[in-house]
Amino acid sequence: MINLIQELQWRGMVQDIMPGTEDQLMKEMTTGYIGFDPTADSLHIGSLVPILLLKHLQNCGHKPIALIGGATGMVGDPSGKSEERNLLSEEVLNHNIICVKAQLEKFLDFTATQPNAAEMANNYDWFKDFTFLNFIKEVGKYITVNYMMSKDSVRKRLEGDNGMSFTEFTYQLVQGYDFYWLNKNKGCKLQMGGSDQWGNIVTGTEIIRKKSGGEAFAFTCPLLTKADGGKFGKTEKGNIWLDAKKTSPYQFYQFWLNAADAEAEKYIKIFTLLSKEEIESLLEQHRGNEHQRLLQKKLAEEVTCFVHNMAEYTFAVKASEILFNNDTAEILQQLNEAQLLQVMEGVPKVEFSKVTAETGVDVVTFLADTKIFPSKGEARKMLLGGGVSINKIKVDSIEMTINTKGLLNEKYLLVQKGKKNYYLVMMN
């Protein structure tokens, strides 16, 4: 049996670990779980860490359970939060659960004939008929208030300006009972999660020990931050989502491709399933040749293929070349409108009258009227210097006429001014 803890430790994916956990995992096939709160209709790349923990668990011969927090999602986990989050309506929550389940099914092997087949669970199933009186009798009596108050997630909130509602205070009991229920009904002996979950996870092991005398183990993974200390997975435009409709595969690929060297060295171990030997070889090639971005390219390839597919990865690579390389006019012409707009997401958009273009307009007037250049004089000067391209083809004459021939998807022109300035002209 492959040693899961050793595999995760060299990847930098273990922070806290309960004594006896490694021995348990080496002794027998062990069922382990991680919870996912359905607070949105897609997981984001922060969720890739717990997904990969379950993937490694299964790859090492153990049985993973992905727990959807249909009940806990109604309450809200206070861990790592400075204020109480808005509660979701049942309708929104149910929609989110369906979407998150569909995403998780892509990453794990649910083949029923496998002894360690992955399973999905929803804690709403065991909480929906659990009355408040029964809960405080069956669960509350096993954990003291002193114990609950000692947890970091609780203490920090109580010391803050906003305090903490009773709803959030009870969250660790609710999550703790999840572990107890899975232990009793599914033989689940292991819970994993982010390091901010350690207090809630340990509460679960306490409930199991006191209520049924059962065995329970746990470990956590460090919380990721960016090189500048910012929250991992967030950009200026918001979260990087796993759903292609929320974050296009091209933008997803770009996120990993743009990782700083220090981040890429860390991410390649955590977010890919490449072996230790493969990663060490990559790091060796990368060091001293950082300008080639070999590490970032491999990282972007592996994660884009894992979350999306090879076809989307291939498109992302081709699309990246359009803006950053020359001789890409042919690739540009092959893009459909949706793909073109993906690639041009950060490119300034300007409008121009299609009626005017149909009658034809000289290139100097066109560049000035679209405000790409402040004046005809400046447009003429750069045209004469060979500094303007349209649809990635250099304009070699100031006599050129702009018309509706050669429009991308019968609507667009891509204008390049100098080496790095692009404008997408939309004909309306």
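Each remark here, short or long, concerns the structure printed above.
Since the structure is predicted, the reported quantities are computational estimates derived from the model, not experimental observations.

K.L.:
Would you explain the overall build of the protein chain in this entry?
P.N.:
Secondary structure summary: the protein chain contains 22 helices and 14 strands in total. Overall, the C-alpha framework of the protein chain stretches about 85 × 45 × 45 Å when taken along its three principal axes. The proportion of buried residues among the 428 residues of the protein chain is 50%. Put simply, 73% of the contacts in the protein chain that link residues at least 6 apart link residues at least 24 apart. Summed over all atoms, the accessible surface of the protein chain reaches about 20,600 Å², with 49% contributed by carbon and sulfur. Taking the 48 positively charged and 53 negatively charged side chains of the protein chain as two groups, their mean positions are separated by 1 Å.

K.L.:
Looking at this structure, I do not really get the sheet that holds strand β4 (residues 188-194). What am I missing?
P.N.:
To summarise the sheet geometry, strands pair through backbone hydrogen bonds and adopt either a parallel or an antiparallel arrangement. Strand order in the open sheet formed by 5 strands is β3-β2-β1-β4-β5, and the pairing between neighbours is parallel. Only two strands of the sheet have a single neighbouring strand rather than two, namely β3 (119-122) and β5 (217-221). When strand polarity is set aside, the average angle formed by the axes of neighbouring strands in this sheet is 25°. Helix-sheet contacts for helix α3 (residues 48-59) involve β1 (31-36), β2 (63-68), β4 and β5, and the interaxial angle to β1 is about 165°. Contacts from helix α11 (residues 171-186) reach β1, β2, β3, β4 and β5, with the element oriented near 145° to β4.

K.L.:
Mind showing me how you'd approach unusual backbone geometry here?
P.N.:
Of all residues except glycine, most have a negative phi; of all peptide bonds, most are trans. The phi dihedral of Asn409 falls on the positive side, at around 50°, and the residue is not glycine. Mapped onto the fold, Asn409 is located in the loop between β12 (401-402) and β13 (412-417). You will see that Glu410, though not glycine, has its phi angle at about 60°, which is positive. Relative to the helices and strands, Glu410 is located in the loop between β12 and β13.

K.L.:
Explain the sheet that holds strand β8 (residues 349-352) to me, please; I cannot follow it from the model alone.
P.N.:
With respect to topology, 5 strands assemble into an open sheet ordered β8-β14-β13-β10-β11, the strand pairing being mixed. Only two strands of the sheet have a single neighbouring strand rather than two, namely β8 and β11 (393-394). In this sheet, strand β14 (residues 421-427) lies alongside β8 in parallel orientation, the contact comprising 4 bridges. Bridging across to β14, Lys349 finds its partner in Leu424.

K.L.:
In this structure, what is going on with the nonpolar core? I would like to understand it.
P.N.:
Nonpolar side chains in soluble globular proteins tend to be buried together. In terms of nonpolar packing, the biggest core is built from 59 residues, with Ile45, Leu48, Phe219, Leu242, Trp256 and Phe271 touching the most fellow members. It is α3 that contributes the most residues to this core, 7 residues altogether. Ignoring anything within four residues of it in the chain, the contact list for Phe271 reads Ile45, Leu48, Val49, Leu52, Leu224, Phe232, Trp256 and Val303. In this structure, Met164, Val174, Phe179 and Val202 belong to the second largest nonpolar core, which totals 30 residues.

K.L.:
Looking at this model, I keep getting lost on the pattern of salt bridges. Mind explaining?
P.N.:
Charged atoms that come close allow side chains of opposite charge to pair. For the structure shown, the criterion picks out 17 salt bridges. For Arg209, the salt bridge goes to Glu206, with nearest N and O atoms at 3.0 Å. Here Arg209 and its partner Glu206 are both found in helix α12 (residues 198-211), 3 residues apart, which amounts to about one turn of the helix. For Arg209, a relative accessible area of 47% translates into the label partly exposed. Given the relative accessible area of 17%, Glu206 is considered buried. The shortest N-O distance in the salt bridge between Lys298 and Glu301 comes to 3.7 Å. In this pair, Lys298 and Glu301 are both assigned in helix α16 (residues 294-307), 3 residues apart and thus about one turn of the helix distant. In this structure, a network of salt bridges that share partners links the residues Glu28, Lys189 and Glu215.

K.L.:
Is there a simple way to think about a negative patch on the surface in this case?
P.N.:
A surface patch of negative charge is lined by Glu277, Glu278, Glu280 and Glu284. The topology assignment puts Glu280 in helix α15 (residues 276-286). Owing to a relative accessible area of 43%, Glu280 belongs among the partly exposed residues under this scheme.

K.L.:
Can you help me understand the packing of helix α13 (residues 249-257) against helix α17 (residues 310-324) in this one?
P.N.:
Think of two packed helices as two axes; the pair is described by the angle between the axes and how far apart they sit. Remark: α13 packs on α17, axes separated minimally by 9 Å, with the N-to-C direction vectors making an angle of 75°. What the angle tells us is that α13 and α17 run roughly perpendicular. Residues Pro249, Tyr250, Tyr253 and Gln254 of α13 form the contact with α17, whose own contacting residues are Glu312, Tyr313, Phe315, Ala316, Val317, Ala319, Ser320, Leu323 and Phe324. Looking at the contact of α13 with α17, its residues break down into 10 nonpolar, 2 polar and 1 charged.

K.L.:
So what exactly am I meant to see when it comes to a nonpolar patch on the surface here?
P.N.:
A grouping of Phe132, Leu133, Ile136 and Phe166 is seen on the molecular surface, where their side chains present a nonpolar patch of about 460 Å² in accessible area. Among the elements that take part in the nonpolar patch, helix α7 (residues 132-138) stands out by supplying 3 residues, more than any other. Secondary-structure assignment places Ile136 in helix α7. Residue Ile136 is classed as partly exposed on the basis of its relative accessible area of 38%.

K.L.:
For this particular structure, what's the right way to read the side chain of Gln296?
P.N.:
For Gln296, the position within the fold is in helix α16. Looking at Gln296, the relative accessible area reads 0%, which means it is buried. Leaving out residues up to four positions away in the same chain, Gln296 has contacts with Trp256, Leu257, Ala259, Ala260, Asp261, Ala264 and His286.

Procedures and definitions
- Residues numbered from 1 in each chain as written.
- Predicted model: local features only at pLDDT ≥ 70, side-chain atom pairs only at ≥ 80, totals over all residues.
- Heavy atoms only, no water.
- Helix = DSSP H or I, 4+ residues; strand = E, 2+ residues; numbered from the N terminus.
- Buried < 20%, exposed > 50% of the residue type's maximum accessible area, 1.4 Å probe, protein only.
- Contact = heavy atoms within 4.5 Å.
- Areas by Shrake-Rupley, 256 points an atom, 1.4 Å probe, with all protein chains shown as cover.
- Lys, Arg positive; Asp, Glu negative; His and termini not counted.
- Charge placed at Lys NZ, Arg CZ, Asp CG, Glu CD.
- Pairing = 2+ DSSP bridges.
- Axes fitted to C-alpha atoms, helices over the stretch in contact; angles between N-to-C directions.
- Core = buried A, V, L, I, M, F, W, Y, C linked by side-chain atoms within 4.5 Å.
- Salt bridge = Lys/Arg side-chain N within 4 Å of Asp/Glu carboxyl O.
- Patch = residues over 30% accessible without salt bridge, like charges linked within 9 Å, V, L, I, M, F, W, Y side chains within 5 Å.
- Parallel < 35°, antiparallel > 145°, perpendicular 65-115°, else oblique.
- Nonpolar A, V, L, I, M, F, W, Y, C, P; charged D, E, K, R; others polar.

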